[in-house]
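# Working through the structure, step by step
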Amino acid sequence: TRATIETPAQAERGAALGAFLADCRAALGDTHVLTAASAQAPFLTDWRKRYTGRACAVLRPASTAEVAAVVAAANKHDIALVTQGGNTGHAGGATPDASGAQAVLSTNRLRRIRALDAANDTITVEAGCALADVQAAARAAGRLFPLSLASEGSCTIGGNLATNAGGTAVLRHGNARALCLGLEVVTADAQVWDGLRALRKDNTGYDLRDLFIGAEGTLGVITAAVLKLQPMPAASVTAVATVDTCDDALRLLALARARADALLTGFELMSWYCVELIDSHFPTLRMPLARPGGATANGFAVLLELSDHESEAHGRALLERLLADASNEGVVRDAVVAQSLAQSQTFWAMREHIPLAQARDGLNVKHDIALPISAIGEFISSTDRAIAARWPGARMVTFGHLGDGNLHYNVQAPVGQDPADFLRAAQAPMNRLVYDQVHARGGSISAEHGIGQLKVDDLARYKSPVELALMTAVKRALDPHNRFNPGKVIAAPPVP
Ligand code: FAD
């Protein structure tokens, strides 16, 4: 046997870690400092199972004061913290690195709804509240909290704000940033910034709130937020339509905007291959329309939703008229307006099951991109052509929030090729090809999922030196010792 000899530096780190855990146990109680592998496991792998890290501890504070105590202990003993909400993120931002030296700070015990002010149309919630619980609390008061993601049962408000999440209602209500009025944040020096203002106007200097939103846990720990509520619509009416081309889908979008304006709350695009993928993996979710343009054409399906404040009959009549006119103008091939809540839910389930159908089909190359809406049709046709030329047989799974200019432009392995081999060989060159096309059209390489650890190198490639320098300056100012989520978003900013 070979004895392991501990170096003085290792002994010092071990002592610091022991002292850190002791401080955390004193602040949180033994049961909320998880060190056993089995207890830590759910916190160490991301939702897409791309990343698995190690942690010296998983910490579960139950109040803002406890979060501040954890940050103070981390500062004292020089431990990096990775904040984690529902762990549904798509960029590996909530997964610690492989060193085992970082601690995960889970917000899953910060779950209180602190206040609901119906007259001000605001709700104040703690960061670990599940999005679905916030929606339910708003609904109980006759209000709508419109942020809506397929992960809403598990993702948290803190995570939604940290990633500036989008989802299906951005077209009408904006993304998470647009729905937030105020924040409470534990800063890198373990202070509590109480920015829980419930104001729609507040021009008093730099907007600190907007710095923390979308920062993916690299600048501070969001512990609570004031969110905007909306009036509950009388009814929502959903339809699916088929179109021959993406440009036709864009014409339908323009028509829907002109006719329905703010009543248009959803406009989702699905390439016909998405419909086929759903059909083969979730056969109970049936598209009631035939492939547009015959079996050899590509074609797209579009899901539209209007939310009407007058009545369901009013919304339905508006949607039916819109689709009839679009059909007369040759924009739409065919359309069905949902006849029941169940049918409407099936239409949405088809859209929301695309990522799950993709996962069942095998590993694939994903791109969450944003483009000016006017550039999307040309982007899809030219990028589809470039991919087909380089990876013959690759299957294009293109879907997304067309009304927001946000595409999930994903590529499945050719039939018969091992998906893991395809991913290994194609991912890097395909990302480069797609992001170059996006960048050339003034688009973004991350529309709603963020940068996390997945796109750190891509961010460095596509942001200008001026933008990178400003981002680094912000990180250094707010988190000088790189305490929060090191290695995420921007690569190793220099510590002064
Ligand atoms: P986590 O995954 O736990 O963390 C995400 C990032 O936020 C990490 O960098 C983490 O460090 C940071 N963070 C978390 N909490 C805090 C906090 N309190 N303070 C500071 N930083 C924090 N996303 C969309 O935008 N639109 C969609 O339509 C969408 N659909 C999805 C559908 C499915 C089925 C799934 C699984 C995910 C989907 N997502 C979507 C991605 C994901 O749900 C969102 O990114 C969500 O906002 C993440 O929330 P979370 O609580 O799970 O955060």
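Just so you know, these numbers come straight off a predicted model, no measurement behind them.

### Things to note about the overall build of the protein
For the protein, the helix and strand inventory stands at 16 helices and 19 strands. Taking 2.2 N^0.38 as the reference for a compact globule, 496 residues should give roughly 23 Å; the C-alpha atoms of the protein span a radius of gyration of 24 Å, in line with that estimate. Its C-alpha atoms put the protein at 80 × 60 × 45 Å along the principal axes. Taking all contacts inside the protein whose residues are at least 6 apart in sequence as the whole, residues at least 24 apart take part in 74%.

### Description of the site of the ligand
The environment of the ligand is formed by 37 residues, the closest being Gly85, Gly93, Gly158, Gly159 and Gly217. Looking at the shell around the ligand, the elements with two or more residues in it are strand 3 (81–84), helix 5 (157–162) and strand 10 (221–228). Per-element tally for the shell around the ligand: the top contributor is helix 5, with four residues. Here the residues of the shell around the ligand are counted per class, giving twelve nonpolar, 22 polar and three charged.

### Some points on the sheet that holds strand 4 (residues 103–106)
Ordered by their spatial adjacency, four strands build an open sheet running 1-2-4-3, and the pairing between neighbours is mixed. Because the sheet does not close on itself, it has two edges, and the strands there are strand 1 (33–34) and strand 3. Two strands pair when backbone bridges link them, and strand 1 and strand 2 (residues 57–59) are joined in this way by two bridges, in the antiparallel orientation. Counterpart to Val33 in the pairing with strand 2 is Leu59.

### Notes on the environment of Asp308
As for its position among the elements, Asp308 is in strand 14 (residues 300–308). In this structure Asp308 comes out as buried when scored by C-beta crowding, with 21 C-beta atoms within 10 Å. Separated by 43 residues in sequence, Asp308 and Thr265 have C-alpha atoms that sit 9.5 Å apart. Excluding residues that lie within four positions of it along the chain, Asp308 makes contacts with Pro233, Ala234, Ala235, Val237, Leu263, His314 and Gly315.

### Regarding the packing of helix 8 (residues 246–260) against helix 10 (residues 312–328)
Relative orientation of the contacting elements helix 8 and helix 10 amounts to 140 degrees, with a least axis distance of 10 Å. Relative to helix 10, the element helix 8 is oriented oblique. For the pair helix 8 and helix 10, the crossing hand works out as right-handed. Contact residues: Leu252, Leu255, Ala256, Arg259 and Ala260 in helix 8; Leu318, Leu322 and Ala326 in helix 10. A per-class count over the contact of helix 8 with helix 10 returns seven nonpolar, no polar and one charged.

### Focus: the domain arrangement of the protein
As assigned here, the protein comprises domain 1 (113–231) and domain 2 (235–440). Taken over C-alpha atoms, the centre of domain 1 sits 29 Å from the centre of domain 2. Taken together, the contact between domain 1 and domain 2 spans eight residues of the former and twelve residues of the latter. Sort the elements by how many residues they give to the side of domain 1 that touches domain 2 and helix 6 (residues 170–173) lands first, with three residues. The class makeup of the residues in the side of domain 1 that touches domain 2 is five nonpolar, two polar and one charged.

### Here we look at helix 9 (residues 272–281)
For helix 9, the set of buried residues is Cys274, Val275, Leu277 and Ile278. Looking straight down helix 9, one finds that the buried residues subtend no more than 160 degrees of arc, so they occupy a single side.

### Comments concerning the nonpolar core
Core analysis: the largest hydrophobic core is formed by 134 residues, its most contacted members being Ala225 and Val302. Counting residues domain by domain, this core receives three or more from each of domain 1 (113–231) and domain 2 (235–440). Discounting residues that sit within four places of it in the chain, Ala225 has contacts with Val125, Ala127, Ile157, Leu161, Cys180, Gly182 and Leu183.

### Quick notes on the sheet that holds strand 9 (residues 192–195)
Neighbouring strands of a sheet are bound in pairs by backbone hydrogen bonds; such pairs are parallel or else antiparallel. Judged by pairing direction, the sheet is antiparallel, and its five strands sit side by side in the order 5-6-10-8-9 without closing on themselves. This sheet does not close on itself; its edge strands, each paired only once, are strand 5 (113–117) and strand 9. Averaged over neighbouring strand pairs, the angle between their axes works out to 10 degrees when direction is ignored. In this sheet, strand 10 lies alongside strand 6 (residues 122–126) in antiparallel orientation, the contact comprising five bridges. Of the residues in strand 10, the one forming a bridge with Ile123 is Leu227. Taken strand by strand, helix 4 (residues 131–140) contacts strand 5, strand 6 and strand 10, and its axis lies near 145 degrees from that of strand 6.

### Let's talk about the environment of Ala260
Examined against the element boundaries, Ala260 turns out to sit in helix 8. The buried category is assigned to Ala260, around which 21 C-beta atoms lie within 10 Å. For Ala260 and Gly315, which are 55 residues apart along the polypeptide, the C-alpha to C-alpha distance reads 9.1 Å. If near-sequence neighbours (up to four positions away) are discounted, Ala260 is found in contact with Leu306, Leu318 and Leu322.

### Examining helix 11 (residues 341–352)
For helix 11, spanning twelve residues, the distance from its first C-alpha to its last is 16 Å, which sits close to the expected 16 Å at 1.5 Å a residue. Where helix 11 is concerned, the buried positions are Phe347, Trp348, Met350 and Arg351. On an axial view of helix 11, the arc spanned by its buried residues comes to 150 degrees, and they lie on one face. Exposed and oriented more than 90 degrees from the buried face of helix 11 are Leu341 and Ala342. On its buried face, helix 11 is in contact with strand 12 (235–243), strand 13 (264–271), helix 9, strand 14 and helix 12 (354–361).

### A look at the pairing of strand 9
Summarising the sheet, strand 8 (residues 180–186) and strand 9 pair through four bridges and their orientation is antiparallel. Its bridge partner being in strand 9, Val186 is matched across the sheet by Val192. The turn joining strand 8 and strand 9, which pair antiparallel and follow one another in sequence, is formed by five residues; a positive phi near 65 degrees is taken by Ala190.

### With respect to unusual backbone geometry
At Ala190, a position not held by glycine, the phi torsion is positive, near 65 degrees. Ala190 gets classed as partly exposed once you count the C-beta atoms within 10 Å, which come to 18. With phi around 45 degrees, Asp261 is a residue other than glycine that occupies positive phi space. With respect to the helices and strands, the residue Asp261 is situated in the loop between helix 8 and strand 13.

Reading the values: the criteria
- Residues numbered from 1 in each chain as written.
- Predicted model: local features only at pLDDT ≥ 70, side-chain atom pairs only at ≥ 80, totals over all residues.
- Helix = DSSP H or I, 4+ residues; strand = E, 2+ residues; numbered from the N terminus.
- Rg over C-alpha atoms; globule rule 2.2 N^0.38 Å.
- Contact = placed C-beta atoms within 7 Å.
- Near = placed C-beta within 6 Å.
- Nonpolar A, V, L, I, M, F, W, Y, C, P; charged D, E, K, R; others polar.
- Pairing = 2+ DSSP bridges.
- Buried ≥ 20, exposed ≤ 12 C-beta atoms within 10 Å, placed from the backbone.
- Axes fitted to C-alpha atoms, helices over the stretch in contact; angles between N-to-C directions.
- Parallel < 35°, antiparallel > 145°, perpendicular 65-115°, else oblique.
- Left-handed = near helix turned anticlockwise from the far one by under 90°.
- Domains from an automatic or database assignment.
- Arc of directions from axis to C-beta.
- Core = buried A, V, L, I, M, F, W, Y, C linked by C-beta atoms within 7 Å.
- Expected span 1.5 Å × (residues − 1).

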